[in-house]
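A look at the structure
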Amino acid sequence: MHQYRDRRQQMKISCARRCARAVLAAALCCVSASCGVQRSVPARPDPYSPQAQRQRSAKADKRKAEERARAAARAQYNAQAAQINGHNRKNLTGDITFRETPSGYSQQVPESQRGSVEKVSYKATYQGKTYNKSALVYLPAGYGTNTWQKYNVMYILHGYGGGFTAYLGGEGRNSTAEIKLLLDHMVADKLINPAIFVFPEYYPDRSFKTDSYITDGPLVKAFIRDEFTKALVPAVESRYRTYLQATGSAGLKASRQHRAFGGFSMGGAAAWYAFQYGLAYIQYFLPAAQSSWALYPHGGLTDPGGTARALRDAAAAQGIGKDGFTIAGGSGTADITSLYMRRQVDSMRRYPDTFTAANLEFGVVAGAGHTREALVNVLYNNLPFMFVNTDPR
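In short, a report on the structure. Here the structure is a predicted model, which means the values were calculated and not measured.

Cut-offs applied
- Residues numbered from 1 in each chain as written.
- Predicted model: local features only at pLDDT ≥ 70, side-chain atom pairs only at ≥ 80, totals over all residues.
- Heavy atoms only, no water.
- Helix = DSSP H or I, 4+ residues; strand = E, 2+ residues; numbered from the N terminus.
- Buried < 20%, exposed > 50% of the residue type's maximum accessible area, 1.4 Å probe, protein only.
- Areas by Shrake-Rupley, 256 points an atom, 1.4 Å probe, with all protein chains shown as cover.
- Expected span 1.5 Å × (residues − 1).
- Contact = heavy atoms within 4.5 Å.
- 1 Å grid on protein atoms, 1.4 Å probe; cavity = no way out; pocket = protein on both sides within 12 Å on 5 of 7 lines; lining within 4 Å.
- Points joined across faces, edges and corners; volume = space filled by probe spheres on them.
- Patch = residues over 30% accessible without salt bridge, like charges linked within 9 Å, V, L, I, M, F, W, Y side chains within 5 Å.
- Salt bridge = Lys/Arg side-chain N within 4 Å of Asp/Glu carboxyl O.
- Lys, Arg positive; Asp, Glu negative; His and termini not counted.
- Charge placed at Lys NZ, Arg CZ, Asp CG, Glu CD.
- Bend = angle between axes of the 7 residues up to and from the residue.
- Phe/Tyr/Trp six-rings, centres within 6.5 Å; stacked < 30°, edge-to-face > 60°.
- Axes fitted to C-alpha atoms, helices over the stretch in contact; angles between N-to-C directions.
- Parallel < 35°, antiparallel > 145°, perpendicular 65-115°, else oblique.
- Left-handed = near helix turned anticlockwise from the far one by under 90°.
- Nonpolar A, V, L, I, M, F, W, Y, C, P; charged D, E, K, R; others polar.

A word on the overall build of the protein. The helix and strand tally for the protein stands at 10 helices and 8 strands. Within the protein, the proportion of its 393 residues that are buried is 49%. Only carbon and sulfur atoms are counted for the fraction: they give 52% of the accessible area of the protein, which is about 19,900 Å².

Shown next, in the form of structure tokens:
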């Protein structure tokens, strides 16, 4: 009897609970309706609807149009670059007569034609100690918009007492430093193809500067043999759109035709060291106002014949033949280094299996001394020979 009553009591409780839930649901429904609230699940867009198909088709058409525009721009650039290289290649005679730098090159080009200058910082090791180094990088006009384009890279090194700010002045687009103006004009006038120019410093830090440029010889040599390939090139060419695919030795060798090295005075000695020790990684060289120190300081004066043999042997040791490099140098006629360079170049020409009129160019700046003016004119006349044999593609 007690079990029967308990069961009836449980049934009443269960029934009451069901009724309560029904009443609550009805109440909520009424509230929602009175408030104008409708509960609905948003419909998922149909990926196969005509509208969705039209959107996909429009996006695909846009991508194809952008690709066609890039391809057309690339083809136009390659054709123009090849034309510039072909014209400049005809001027390789071995003994260039320098033209004067145009007077208008002392003025700024229009803002849209100005290259921009950035600072790149990196770390380098000298004699077991790590130093914080910097370089200024010139990016030609159009670098920021022509995102499909890769660029050749040229490194230009200062002389005794200088630093990485010696030639470009500072960052930005509006520097009026002579070499910044020169690069802007030469690119705008289509005398050279757009390229990246890098201006580093060979001093580990300023404490290494002494009262004599002779003591800079070991610093310049160490810069080329260690810092250049191990620190500077990877820091620069992996940051910008260049042809370097890998920062190891194999990657540098594979991209050598897209790399050049030049310099003034002690930077010119560095350019000869770059040929002696880095020919496997660099194809173009522009030494200004200095002969090679391959054997001794001022080797073009003290031993031009021995210096020429050392450079010939360096090319052979690195497996690079006469078609695999271009040297274009120069100096002012009032600069004693022009005598050193002339003697060295004449001695180099005694090895025609290595040095020819097509790969060894030399010229002089009439009346100029060991000055910035002379460097600007050497660059004006010899920069067109950098990358002259490099396929722009």
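Further notes follow.
Okay, helix α9 (residues 337–348) next. Compared with the 16 Å implied by 1.5 Å per residue over 12 residues, the 16 Å span of α9 between its first and last C-alpha is a close match. Residues of α9 that are buried make contact with α6 (266–278), β6 (284–288), α7 (299–302), α8 (304–317), β7 (326–332) and β8 (360–365).

A word on empty space enclosed by the protein. This structure, assessed with the given rule, holds 1 cavity of 30 Å³ or more. Volume-wise, the largest cavity comes out at about 200 Å³. Lining of the largest cavity is provided by 23 residues; of these, N152, N193, P194, M386 and F387 occupy positions nearest its centre. Per-element tally for the lining of the largest cavity: the top contributor is helix α2 (residues 50–90), with 5 residues.

Where like charges cluster on the molecular surface, the positive patch consists of K59, R63, K64 and R68. By the secondary structure assignment, R68 is in helix α2.

Our focus in this paragraph is helix α4 (residues 217–237). Owing to its 3.6 residues per turn, the α-helix aligns residues three or four sequence positions apart on the same side. Taking 1.5 Å per residue as the helical rise, α4 with its 21 residues ought to reach 30 Å, whereas the 26 Å between its terminal C-alpha atoms falls clearly short. Along α4, the helix axis deviates most sharply at F228, where the bend reaches about 65°. The element α4 is largely enclosed, with a buried count of 15 among its 21 residues.

Before going further, it helps to examine a nonpolar patch on the surface. On the surface, a cluster of nonpolar side chains totalling about 240 Å² of accessible area is made up of Y160, Y213 and I214. Structurally, I214 can be placed in the loop between β4 (196–199) and α4. Accessibility expressed as a relative area gives 36% for I214, which makes it partly exposed.

A full pass over the atoms with the stated rule returns 19 aromatic pairs. Between Y284 and F387 the ring centres are 5.3 Å apart and the planes differ by 55°, which places this aromatic pair in the tilted class. In this pair, Y284 sits in strand β6 while F387 sits in the segment after α10 (372–382), placing the two residues 103 residues apart along the sequence. Since its relative accessible area comes to 7%, F387 is described here as buried.

This part covers the packing of α8 against α9. Running from amino to carboxyl end, α8 crosses α9 at an angle of 55°, the nearest separation of the two axes being 8 Å. When the interaxial angle is binned, α8 and α9 end up oblique. When you trace α8 past α9, the crossing you get is right-handed. Only R343, Q344, S347 and M348 of α9 make contact with α8, whose side of the interface consists of P304, G305, T307, A308 and L311. Of the residues contributing to the contact of α8 with α9, the split by class is 4 nonpolar, 4 polar and 1 charged.

That is the geometry; function is a separate question.
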